[in-house]
Amino acid sequence: MFDASTLHAIEGLAVRLKCAPAALQAVAEVESNGQVFALVKGKQEPLIRFEGHYFDARLKATDRAVARAQGLSSPKAGGVKNPASQAARWALLARAAKIDRQAALESISIGLGQVMTAHWQKLGFTSVDDMIKLARSGAAGQIDIMARFVDKFGLADELRRLDFTAFARGYNGPAFKKQGYHLKMAAAYRRLSGVQPVSASTGMLRMGSNGARVRDLQALLVRAGYAVELDGDYGPSTRDAVREFQKAQKVAADGVAGPETFRRLEAWKQGAAEQPGAQLVAEVPEVQNATKGGGVLVFIVAARDQIAETASYLTGIEADTAQTVANLLLAGSSAIGLGLAAYAVWGWFRSRRTDEGDIHPPKAAEAPDPVQDPVLA
């Protein structure tokens, strides 16, 4: 994948971050697919990805209208498609720079770590040009940028713990699971080291976790005086709030909500059996969407038992819970189809579950060869 000089640079920066070189290399390989430069107009240029929604947000109204008309900006992430070739991506950037150079240069991810140039100030650069210059200097410069991001955004602990779910949530954002970044990084580490990564935070709530217990945690943090959103997503803001709570409680401040953290948060519970983050049926997004109306199939109240039975079968939840949701659905502003009802019950079912984000080792029959298994792209 990488040449000897790139691997040497990775090892040096892994020492700086106090993490395993294979862990940092796994991240770099997944982000870049093992490629450091691409040939663009006869020059070696770092890999980039143009983010049209970043560009859109940085433009003045008049320039934004021009950029949107030319297909260079969009208010929606992914609204501007990146060409397959790097030469075409650099050409896309050049077109955007004619509208607003600074905004364009701040709207790309760059290098083998694919770090957003928008973070140039937080990463310690004097200008966005200096950040791009370092990326152009070679693999060592690109890895330095990646290491700065890991350090400044507080992700070194996750990398040291080999907690690729938590790391990917912080590094790649809320949609990390859709692209399977955590699984790809774990597979790359397993191939590079010959060892299945097992995190010390397995079985506990941390970045990348989501669901009912995360909402309980967030509700208790709010009661304790920490401003977090009750969205069931254990992201960087929830991690930071947990760290601050742990510091105040004088326990290890690792941002992981383990047994001791929950034990101390119980002081803010109203009773031992309380689930402070529990959602009412009507608060579940899928149920809200279903009861808005617009279904083309009309069901009468007599269909209630069928809805409940089908939903219970599809989701595995208790019959009485399915019955409760079915009652709510049929009491909505308009009757809905059975499939929509089952979708709503599925949402209710999901709202009661928790995914800690653990990465389970592959079955023996599926275990990859530690030498030949390719990194998933």
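Everything below is about the structure shown above.
Quick summary incoming for the structure in this document. From a predicted model like this one, the values you see are computed outputs, not experimental measurements.

### Focus: the sheet that holds strand 3 (residues 48–50)
Working step 1: Reading across from one edge, 3-4-5 is the order of the three strands in this open sheet, with antiparallel pairing throughout. For this open sheet the edge positions go to strand 3 and strand 5 (115–116), each flanked by a neighbour on one side alone.
Working step 2: Note: strand 3 against strand 4 (residues 108–110), three bridges, orientation antiparallel. Along strand 4, the bridge assignment pairs Phe50 with Ile108.

### A look at the pattern of salt bridges
Working step 1: All told, the structure shown has 26 salt bridges when counted by the stated rule.
Working step 2: One salt bridge connects Arg58 with Glu106, and the closest N-O pair in it is separated by 3.1 Å. Highlighted residues: Arg58 in helix 3 (residues 52–58) and Glu106 in the loop between helix 6 (101–105) and strand 4, separated in sequence by 48 residues.
Working step 3: Residues Lys247 and Glu244 are paired through a salt bridge, measuring 3.5 Å at the closest nitrogen-oxygen approach. Remark: Glu244 and Lys247 occur in helix 14 (residues 236–248); sequence separation between them is three residues, near one turn of the helix.
Working step 4: The partly exposed category is assigned to Glu244, whose relative accessible area is 40%.
Working step 5: Each member of the salt-bridge network shares a partner with another, and the members are Asp157, Glu158, Arg160, Arg161, Asp163, Arg206, Arg239, Asp240, Arg243 and Asp358.

### Describing the packing of aromatic side chains
Working step 1: Evaluated as defined, the whole model comprises seven aromatic pairs.
Working step 2: Ring geometry for Phe245 and Trp268: centres 5.9 Å apart, planes at 75°, overall edge-to-face. Of this pair, Phe245 sits in helix 14 while Trp268 is found in the loop between helix 15 (259–265) and helix 16 (285–290), placing the two residues 23 residues apart along the sequence.
Working step 3: Taking relative accessible area as the criterion, Trp268 reaches 30% and is therefore assigned partly exposed.
Working step 4: Through successive ring pairs, a cluster of aromatic residues spans Phe149, Phe153, Phe167 and Tyr171.
Working step 5: In this structure, Lys122 is placed above the aromatic ring of Phe153, and the distance from its NZ or CZ to the ring centre is 4.2 Å.
Working step 6: For the cation-ring pair, Arg148 lies above Phe125, with the distance from its terminal atom to the ring centre recorded as 4.1 Å.

### Topic: helix 14
Working step 1: Over its 13 residues, helix 14 runs 18 Å from end to end, which matches the ideal 18 Å to within 8%, given 1.5 Å per residue.
Working step 2: Listed in full, the buried residues belonging to helix 14 are Thr238, Arg239, Ala241, Val242, Arg243, Phe245 and Gln246.
Working step 3: Of the surrounding elements, those touching the buried residues of helix 14 are helix 9 (156–160), helix 13 (212–223) and helix 15.

Quick notes on the rules
- Residues numbered from 1 in each chain as written.
- Predicted model: local features only at pLDDT ≥ 70, side-chain atom pairs only at ≥ 80, totals over all residues.
- Heavy atoms only, no water.
- Pairing = 2+ DSSP bridges.
- Helix = DSSP H or I, 4+ residues; strand = E, 2+ residues; numbered from the N terminus.
- Salt bridge = Lys/Arg side-chain N within 4 Å of Asp/Glu carboxyl O.
- Buried < 20%, exposed > 50% of the residue type's maximum accessible area, 1.4 Å probe, protein only.
- Phe/Tyr/Trp six-rings, centres within 6.5 Å; stacked < 30°, edge-to-face > 60°.
- Lys NZ or Arg CZ within 6 Å of the ring centre and 35° of its normal.
- Expected span 1.5 Å × (residues − 1).
- Contact = heavy atoms within 4.5 Å.

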